[in-house]
Amino acid sequence: MKVFKSFPQIVRYGLLFYFLIPYFIFIKYFSLDLNLDYQELSWAFKNSLIQSSITAALVTLLSIPFSLGLFALKPTASLVASKLLLIPQILPTLFSILIAFSILNPFPMGTAGIIFIFVLIHLGFATVLVHSATQEKMSGYSMNSEIYGISRLQFFRRIYFPILKFELLATFVMIFVFCFASFSVPLVAGGGRGTNLEVLIFEKIFIGQNWPAAWTLNIFQSLFIFILSFSILKNRQYEPQEFFAGNYLRSKLGLCGIGIYLLIYLGGYAFGVLKSLSGFDQLITFSAEILTATIRSFQILTVYLAACFILLYAWIYDFVKNGSQNISSHLISSSTILVSFSFYLLFPSSNYGDYFKITLAMSILFFPSLFKSFLEKPLEKIKSQIFTAQIYGIDSTKIISVIVLRQIKRPLFLWISFLVVWFLSDFAILKSLGVQRSTIGLMAESFLSSYRLSLAYLLSLYILFLWLVTMAAIYFVSGVIDVINKKSST
Amino acid sequence: MSLIKNLQLKFDDFLLDIPELSIPEKGVTAFWGHSGSGKTTFFKSLIGIHKPKNWSWDFSGVKLSDLPLNERRLGVVFQSFELFPHLTAEENIRIVAEARYKDHYPTELIESYKEKLGLNKCWNTQAQKLSGGEKQRVALMRALISKPRLLLLDEPFSALDPHLRSEARALVKNLIAQLDIPVYLITHDEADIQALAHHVVELKQGRVVSVKSLNN
């Protein structure tokens, strides 16, 4: 039976199949169990809903004045501030948890603590999203309003919010989805009282051994997230318009807010590291384990990055051939537990097994969301060039290598840097995969869980160092490849 | 004569409806109409951006509507030129020439076009740094080098400053006359028609209202 008409179709559906592998594994091993403890389910769901919606609401509301704070800066300063605001989102959860634990002592474990950490992580990212949406859609409306004598309040009520309502909703939904499917934050900061759906699924699997129930819960959560993402987070195309901020879109108060936020986060981290330096001697006693964990991390990272590049090539090939993004781009917040546990079942606990399951799990969990964050828009922007190249008979390989990849170098580098740092500091996925041999991320988590905060801080600094070294090496190698390519084409 | 049949496309409240249209296969045929007349939709259907159902387009005995994009061999100059901005003028031409002339790179032909279109000065300049006029000439050269059976020009002069347009029209007119390639010109500018067109197809509200021949 001819199911696929062509190779591009095989790639398209192959990608979707790849990202749905964990679901197929669960379907094969378990049946759905509708005899759930609905009281327990509704309690966990209620917690997930409360944590996610309060975070999303707070973050979306605060991102408005904060984004106006960015407009109060000169363009270069605004660009630098935007990059700094992304740091809490870039850095893995481990860092945010460390900072939160240092700022609030004793830390309010439970829903309040979870919301605090979520806001700390996502506020900067939401600010940048709203800032970018304002630039794309507000054109010269603010200035025109001033010229025509419309008051600031009227401007926000009748122009700003009506025009940006979809983008603000999309920001809310994106943050909501990230928080809803979060595992590491509720696990560490939940304190038993803040259990969300993801932690409940984890408990069903690893404590209750009730895998059908875990599977059912997960289907429910995944469908909920997928429907939200698919219906709200569609990529919308805008006609680029010239933007003028005007006074109504500038806020010194917002700028102060940004300053306080960055001080809390970056200052909090720097203060934590400084305080922890006294624990350096203690860290040295772990140097052999740290070295072993580092080597192991890099061995698996190499395989993982290679897999991500293959996926990326396939994804771009699919985009070039089929003219639209793969539907897997909406799988932005798959359940950490579902994905990890499915590979825990499939692969033996062994050295080689770890390579496979870590690579598969991390690529499935990280790839769609990172692609959506960094590469989706740049690809959409050059869609017309891809089409033009196809009219002229340029083959797909050349379109990808010469036209696509060479124009998305910067977002590609950012994408790789996220892949690397998230990998190096991950512990949640590795724990759920049942990985036995230690990595740097697992070591940091073990220090954190045993309240050896100073050692956790120092190890997080070490992770940052490894990250910088890795990115410098990648930058150097890509530069060499560029030079070789240029020389061979002349 | 080129024959288009059953070209029908519906978008919200707009309908492009061309049951049958014969277009000469020689000279310049201008598709003219005001904003909203359907000429852009028509153009996008010919080059393959829109995919109408059950239509046909016969050109010189070849059913172009059934061919995939890269086999239609259309030379297209977009209104926004669609050059590859990170590549130089030379690289923009090269990448197309390598795709079309697999066995023998057309060095002499490229040199000849380069002279005719006055691209020597900007040959090694990145496309994003070219002036509007230079971009237009590079886009035109790219279209010509692609061995087109038909040239499609979508508002080719609208992005140029008014004082450059007459010069650009004269250049295109000379080139077309020398090369004897049929041209479909999409335009709302009557000056383009006066300067270049041998035939005019007028579109209004998605339909063909007239087909005329001019003495050009």
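Preceding this paragraph is the structure being described.
All values derive from a computational prediction rather than experimental measurement. (Residues numbered from 1 in each chain as written. Chains lettered and ligands numbered in written order. Predicted model: local features only at pLDDT ≥ 70, side-chain atom pairs only at ≥ 80, totals over all residues.)

*Asks:* Can you tell me about the sheet that holds strand β4 (residues 56-59) of chain B, naming the residues and giving the values?
*Replies:* Residues and elements named next belong to chain B. If you trace the four strands from one edge of the open sheet to the other, you get β2-β1-β4-β5, paired in antiparallel fashion. This sheet does not close on itself; its edge strands, each paired only once, are β2 (14-23) and β5 (62-63). Two strands pair when backbone bridges link them, and strand β1 (residues 2-11) and β2 are joined in this way by nine bridges, in the antiparallel orientation. When the bridges of β2 are listed, S2 appears paired with I23. (Pairing = 2+ DSSP bridges. Helix = DSSP H or I, 4+ residues; strand = E, 2+ residues; numbered from the N terminus.)

*Asks:* Requested: an account of the sheet that holds strand β8 (residues 183-187) of chain B, with residues and values cited.
*Replies:* Residues and elements named next belong to chain B. Ordered in space as β6-β7-β8-β3-β9-β10, the six strands form an open sheet in which the pairing is mixed. Across the chains shown, the open sheet's two edge strands, defined by having one partner strand only, are β6 (74-77) and β10 (207-213). The average undirected angle you get between the axes of adjacent strands in this sheet is 15°. Here strand β3 (residues 28-32) pairs with strand β9 (residues 199-204) via four bridges, running parallel. (Axes fitted to C-alpha atoms, helices over the stretch in contact; angles between N-to-C directions.)

*Asks:* Before we move on, could you go through the pairing of β10 of chain B and cite the residues and values that matter?
*Replies:* Residue and element names in this part refer to chain B. Note: β9 against β10, six bridges, orientation antiparallel. When the bridges of β10 are listed, L203 appears paired with V208. What sits between the antiparallel neighbours β9 and β10 is a turn of two residues, in which Q205 has the positive phi angle 50°.

*Asks:* Please provide a residue-by-residue account of helix α4 (residues 93-103) of chain A, values included.
*Replies:* Of all eleven residues that make up α4 of chain A, nine are buried, and the element is covered over most of its length. Turning to α4 of chain A, its buried residues number three or more, namely T93, L94, F95, S96, I97, L98, I99, A100 and F101 of chain A. (Buried ≥ 20, exposed ≤ 12 C-beta atoms within 10 Å, placed from the backbone.)

*Asks:* So, the interface of chain A and chain B: which residues are in play, and what are the values?
*Replies:* Each partner contributes to the interface: chain A provides 15 residues, whereas chain B provides 14 residues. Sorting the residues of the side of chain A that touches chain B by element identifies α16 (383-391) and α17 (396-404) of chain A as the ones contributing at least two each. Looking at the side of chain A that touches chain B element by element, the count peaks at six residues for α16 of chain A. Partitioning the side of chain A that touches chain B into residue classes produces six nonpolar, six polar and three charged. (Contact = placed C-beta atoms within 7 Å. Nonpolar A, V, L, I, M, F, W, Y, C, P; charged D, E, K, R; others polar.)

*Asks:* Explain the pairing of β1 of chain B residue by residue, including any values.
*Replies:* Residue and element names in this part refer to chain B. If you look at the hairpin formed by β1 and β2, you'll find two residues sitting between the two strands, and D12 has a positive phi there, around 40°. With three bridges joining them, β1 and β4 adopt antiparallel strand pairing. Bridging across to β4, K5 finds its partner in S56.

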